[in-house]
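What follows is each chain in one-letter form.
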Amino acid sequence: MGTAERPESLEGGVATPVAGLRGTGGPDRENVQGHGPEAEQETEEDQEQGYRRPLWVEEPARRRRLPDPVRTAAVRAVLIVAVTLIQAVVAFLCTLAGSWLAFPMVLSSVAFTVAATWGVLDVWVTRQVWNQRHGVVSAPSSTARALRRERRIARRQARAAERARRRIHRRGGAGQLSHP
């Protein structure tokens with residue numbers, strides 16, 4: 001390995017140099033097990049056995065990946081916004097230069113601005129729809145559970161009282177001590 005080449009690792013989707021390897025100084029040198037500053041010199045035994053340190057250490061992602069439809073909409077929106085910005089700059093430069101192309105570029109920039117707005121709104125709507133369909137699973141708090149339990153008990157008691165009332169009316173009032 002030459003001096004220009006540095007081993008790298010994937011850290012949150014970005015390649016970063018592995019800590020503790022020769023030629024890679026960094027603030028996180030002690031974070032990799034067995035590759036601290038004291039482990040930098042290879043021993044003769046390691047060289048004889050052909051022991052090689054890993055080129056990178058994979059670390060878990062910090063955030064969950066976006067759902068596929070949301071990511072697709074986001075990529076589309078970024079591309080549309082990028083083209084819109086480029087087109088706006090070209091329209092501005094054509095206007096400064098006094099080119100005949102300035103007017104068509106300004107008109108198309110307006111159209112692309114509308115499309116870019118739609119693209120950004122599409123990301124937001126797609127994300128909301130995905131969250132509604134595949135919803136976030138949340139555990140209710142103990143107070144919400146207790147309130148639901150109380151409502152459930154009250155509904156059962158109300159249904160039992162209604163059944164008892166209907167049963168008494170079916171018998172023609174028999175078993176009732178007083179009539180309403």
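To be clear, the structure that these remarks concern was listed above.
A few points on the structure. (Residues numbered from 1 in each chain as written. Predicted model: local features only at pLDDT ≥ 70, side-chain atom pairs only at ≥ 80, totals over all residues. Heavy atoms only, no water.)

## Concerning the overall build of the protein
Applicable threshold: Where helices and strands are cited, they refer to DSSP runs of H or I of at least four residues and of E of at least two residues respectively, numbered from the N terminus. Buried residues are those whose accessible area, probed at 1.4 Å on protein chains only, stays under 20% of the maximum for their type, while exposed residues exceed 50% and partly exposed ones sit between those limits. The contact criterion used throughout is that any non-hydrogen atoms of two residues lie within 4.5 Å. Under the convention used here, a 1.4 Å probe and the Shrake-Rupley method define accessible areas, while residue burial counts only the protein chains that appear.
Per the secondary structure count, the protein includes four helices and two strands. The order of α-helices and β-strands along the protein, N terminus first, is β-β-α-α-α-α. In the protein, which comprises 180 residues, the proportion classed as buried is 17%. Across the protein, the fraction of contacts at a sequence separation of at least 24, relative to all contacts at a separation of at least 6, is 45%. Carbon and sulfur atoms provide 59% of the accessible area of the protein, an area that totals close to 14,700 Å².

## Considerations on the environment of T117
Within the element layout of this structure, T117 appears in helix α3 (residues 102-134). Using a relative accessible area of 44% as the deciding quantity, one classes T117 as partly exposed. Sequence spacing of T117 and V81 is 36 residues, and the spatial spacing of their C-alpha atoms is 8.3 Å.

## Examining the pattern of salt bridges
Put simply, the rule reads: The rule for a salt bridge is simple: a side-chain nitrogen of Lys or Arg has to be within 4 Å of a carboxyl oxygen of Asp or Glu.
Going through the model one piece at a time under the given rule, you end up with five salt bridges. Note that R65 and D68 form a salt bridge whose closest N and O atoms lie 3.8 Å from each other. Overall, the relative accessible area of 48% leaves D68 in the partly exposed class. Where D122 meets R76, a salt bridge forms, and the shortest distance between an N and an O atom there is 2.8 Å. Here the residue D122 occupies a position in helix α3, and R76 occupies one in helix α2 (residues 68-97), the gap between them amounting to 46 residues. Given a relative accessible area of 17%, D122 falls into the buried group. The exposure class assigned to R76 is partly exposed, which follows from its relative accessible area of 35%. One salt-bridge network, in which partners are shared between bridges, spans R65, D68 and R71.

## Description of a positive patch on the surface
In plain terms, the rule: Surface patches are drawn from residues lacking salt bridges whose relative accessible area is over 30%; two like charges belong together within 9 Å, two nonpolar side chains (Val, Leu, Ile, Met, Phe, Trp, Tyr) within 5 Å. For the purpose of counting charges, residues Lys and Arg are taken to be positive, whereas Asp and Glu are taken to be negative. His and the chain ends are not included. For charged residues, the charge sits on one atom: NZ in Lys, CZ in Arg, CG in Asp, CD in Glu.
There is a patch of like positive charges on the surface, built from R145, R148, R149, R151, R152, R155, R156, R159, R163, R167, R170 and R171. With respect to the helices and strands, the residue R149 is situated in helix α4 (residues 142-170).

## Considering the side chain of T84
Along the chain, T84 turns up in helix α2. Apart from residues lying up to four places away in sequence, T84 is in contact with S109, F112, T113 and A116.

## Considerations on the environment of V120
One can find V120 in helix α3. The spacing of V120 and V81 is 39 residues in sequence and 8.5 Å in space, taken between C-alpha atoms. Those residues in contact with V120 that lie beyond four places of it in its chain are A77 and V81.

## A few points about α3
Counted only if it meets this: Multiply 1.5 Å by the residue count of a helix minus one, and that product is the helix's expected span.
Here α3 contains 33 residues, and its C-alpha end-to-end distance of 47 Å stays within 8% of the 48 Å for a straight helix at 1.5 Å per residue. Turning to α3, its buried residues are A102, M105, S109, A116, G119, D122, V123 and T126. Its buried side turned inward, α3 meets α2.

## Remarks on a nonpolar patch on the surface
A contiguous nonpolar surface patch, about 430 Å² in accessible area, is contributed by V89, F92, L93 and L96. Relative to the assigned elements, F92 resides in helix α2.

## Points about α2
The end-to-end C-alpha distance of α2, which contains 30 residues, comes to 43 Å, matching closely the 44 Å that a straight helix rising 1.5 Å per residue would cover. Buried within α2 are the following residues: V70, A73, A77, I80, T84, Q87, A91 and C94. Buried residues belonging to α2 abut α3. Once α2 ends, the next one or two residues include G98, with phi positive near 75°.

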